[in-house]
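Structural overview for review
This is what each chain is made of:
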Amino acid sequence: MNKILSLLGLMFIGLKLTNFIVWNWWLVLSPFLFIVLYYSILVSLYLYAAHLENKNLETRNKYRKKGKFEKMLEEAQKQHYSKK
């Protein structure tokens, strides 16, 4: 899809520079704007999904029961830092 839009945009630029078409520049550059819009939407969706995943992990860790090893590790850390 991006290759087709890029080629179409390059073709429009060539036609505009040779005065074969008399369009406004925003029409000539519109295929490139669609590419930018497409990638902007993809990045936004990726960041939103990462935010939801992070929020889900925080909630899951908040209500998760700690195992024996984690409890022992916390106790050791408390003892270690209380000596300082």
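Quick summary incoming for the structure in this document. All of these numbers come straight from a predicted model, not from anything done at the bench.

1. Notes on unusual backbone geometry
Although it is not a glycine, Asn19 adopts a positive phi angle of roughly 60 degrees. Topologically, Asn19 is positioned in the loop between α1 (2-17) and α2 (25-28).

2. Notes on helix α3 (residues 30-62)
Think of an α-helix as 3.6 residues a turn; residues three or four steps apart then line up on the same face. With 33 residues, α3 should cover 48 Å at 1.5 Å per step; its first-to-last C-alpha distance of 48 Å lies within 8% of that length. For α3, the full list of buried residues reads Ser30, Pro31 and Ile35. Where α3 is buried, its residues meet α1 and α2.

Basis of the calculations
- Numbering of residues starts from 1 in each chain and follows the order in which that chain's sequence is written.
- Thresholds applied to this predicted model are a pLDDT of at least 70 for local features of residues and 80 or more for the giving and counting of side-chain atom pairs; totals over whole chains, interfaces and linings are not thresholded and use all residues.
- Note that water and hydrogens are dropped before the side-chain values are worked out from all heavy atoms of the structure.
- Secondary structure elements follow DSSP: runs of H or I no shorter than four residues count as helices, runs of E no shorter than two count as strands, and numbering proceeds from the N terminus.
- For a helix, the expected span equals 1.5 Å multiplied by the number of residues minus one.
- Exposure is judged per residue with a 1.4 Å probe applied to protein chains only, and the accessible area is read against the type maximum: over 50% gives exposed, under 20% gives buried, and values in between give partly exposed.
- The contact criterion used is simple: two residues touch if any of their non-hydrogen atoms lie within 4.5 Å.

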